[in-house]
Amino acid sequence: MTHIWVRAEQRPNEERVGITPDGVAALLAAGFQVTVEDSAVRAIPIAGYRATGCAIAPENTWPDAPRNAIIFGLKELPEDGTPLPHRHILFGHAYKGQPAGQTLLKRFKAGGGTLYDIEYLVDEAGRRVAAFGYWAGYAGAAVALKCWAAQARGGIAGPVAKYPGKQALLADLGAELAAIGPARPRAIVIGALGRVGTGAADLCEAMGVGVTKWDMAETAHAGPFPEVLAHEIFLNCILARPGCPVFVPKSALTAPRTLSVIGDIACDPTSEFSPIKVYDHATDWAAPALRVAENPVLDVTAIDNLPSLLPVESSKDFAGLLLPSLLGLDDLAGGVWGRAKALFDRHSALA
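Residues numbered from 1 in each chain as written. Predicted model: local features only at pLDDT ≥ 70, side-chain atom pairs only at ≥ 80, totals over all residues. Heavy atoms only, no water.

Caption draft 1: Structural context of helix α1 (residues 21-29). Where α1 is concerned, the buried positions are Pro21, Gly23, Val24 and Leu27. For α1, the arc enclosing every buried residue in end-on projection is 155°, short of the 170-degree limit, so these residues lie on one face. In this structure, α1 carries Asp22 and Ala29 as exposed residues pointing more than 90 degrees from its buried face. Buried-residue contacts for α1 involve β1 (3-6), β2 (33-37), α2 (46-50) and α9 (311-326). Looking at the residues trailing α1, positive phi occurs at Gly31, about 100°. (Buried < 20%, exposed > 50% of the residue type's maximum accessible area, 1.4 Å probe, protein only. Helix = DSSP H or I, 4+ residues; strand = E, 2+ residues; numbered from the N terminus. Arc of directions from axis to C-beta. Contact = heavy atoms within 4.5 Å.)

Right, here's the structure in full:
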């Protein structure tokens, strides 16, 4: 019997979960064993999981789970250097040369465990089977607009916090923009046809922001892209990968530009393939904006858990997309899971 152990998230400001109580009930009905850790912060209360009849474990006890259990979480594990003997489903961020990712792979190698990286769970055509993309784009555009509004007030964006739902975010952001008057920036979204770009464009349009929508056709010539510098806000919604063009070169720091806010929603600054070369580390909830230039001002916002600003909507959306694949976990050798394992094997051999 396949045993799925849903761990509590241990990263600050992370309340999402990858499966709902309805999903747990579906797994139990299909013959899976399911354990869900309690959590003091999870957006979906433990009572709903308990009602399914699954096992409930104390928070953060996954290291002591049976060795045959598949540990399922979202964000990174505590960076304590311990070997990892279990099979884990999570966002590993480990296959593009990121330093922390290389350390993670070495921990799996030392423990004999396996990483099934959620970012690389793909169907036969190479399309991701589940992602938080839409809500990452939606929240990322909101934070970028907060950065622009703060600049209009003569300052820099302050801390951000989770919202109970989409309408609360729209009301808060709308009030913030209204307080500075009727002027609105122009935004360019690159990757506008994808889930992330769609979410970013939807938020901008809801706020009355004009949006230039670009995708592969507009960037096929590989640059340069002076149009990016001609907008007040640039929202990057394309994952860093080999061959990705540079949208904002280092020279943009001193070049003539209208651009004052970069929202790097894809947020992979430590990858050599990053298309934004004016910063090198992520921002966070406490300090969402990184000022990289003055006169004129240029702020970068690059938060790597943006959907957590809307944890309930993003969890339910993602969980619905992933559940069909979770129901196939009893066949780890093929399909989505077999492809993810083969990718892990190739990369871990080099760690």
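Caption draft 2: Focus on the sheet that holds strand β4 (residues 70-72). Ordered by their spatial adjacency, six strands build an open sheet running β3-β2-β1-β4-β5-β6, and the pairing between neighbours is parallel. Either end of the sheet is taken by a strand with one partner, and the two such strands are β3 (55-57) and β6 (114-117). Put simply, the sheet's adjacent strands are angled 25° from each other on average, direction ignored. In this structure, β1 lies alongside β4, joined through three bridges in parallel fashion. Bridge assignment links Val6 to a residue of β4, and that residue is Phe72. Packed onto the sheet, helix α10 (residues 335-348) meets β5 (87-90) and β6 and runs at close to 120° relative to β6. (Pairing = 2+ DSSP bridges. Axes fitted to C-alpha atoms, helices over the stretch in contact; angles between N-to-C directions.)

Caption draft 3: How the structure looks around the pattern of salt bridges. Overall, the coordinates contain 16 salt bridges when judged by the stated rule. As a salt-bridge pair, Asp172 and Lys146 come within 2.9 Å of each other at their nearest N and O atoms. Of this pair, Asp172 sits in helix α5 (residues 166-178) while Lys146 sits in helix α4 (residues 133-152), placing them 26 residues apart in sequence. When its relative accessible area of 32% is taken as the criterion, Asp172 is described as partly exposed. By sharing partners, the salt bridges in this structure join Lys146, Arg153, Asp172 and Glu176 into a single network. (Salt bridge = Lys/Arg side-chain N within 4 Å of Asp/Glu carboxyl O.)

Caption draft 4: View of the packing of α4 against α5. Direction vectors running N to C along α4 and α5 enclose 20°, while the axes themselves pass 10 Å from each other. Put simply, α4 runs roughly parallel to α5. Our pair here, α4 against α5, has a crossing hand that is left-handed. Listed contacts from α5 to Trp135, Tyr138, Ala142, Leu145, Lys146, Trp148 and Ala149 of α4 are Lys166, Leu169, Leu170, Asp172, Leu173, Glu176 and Leu177. Grouping the constituent residues of the contact of α4 with α5 by class yields 10 nonpolar, no polar and four charged. (Parallel < 35°, antiparallel > 145°, perpendicular 65-115°, else oblique. Left-handed = near helix turned anticlockwise from the far one by under 90°. Nonpolar A, V, L, I, M, F, W, Y, C, P; charged D, E, K, R; others polar.)

Caption draft 5: The arrangement of the pairing of strand β11 (residues 290-293) in detail. Pairing of β11 with strand β12 (residues 298-301), which is carried by three bridges, proceeds in the antiparallel orientation. Note that in β12 the partner of Ala293 across the bridge is Leu298. Connecting β11 to the antiparallel partner β12 that follows it, the hairpin turn spans four residues, and Asn295 within it adopts a positive phi of roughly 50°.

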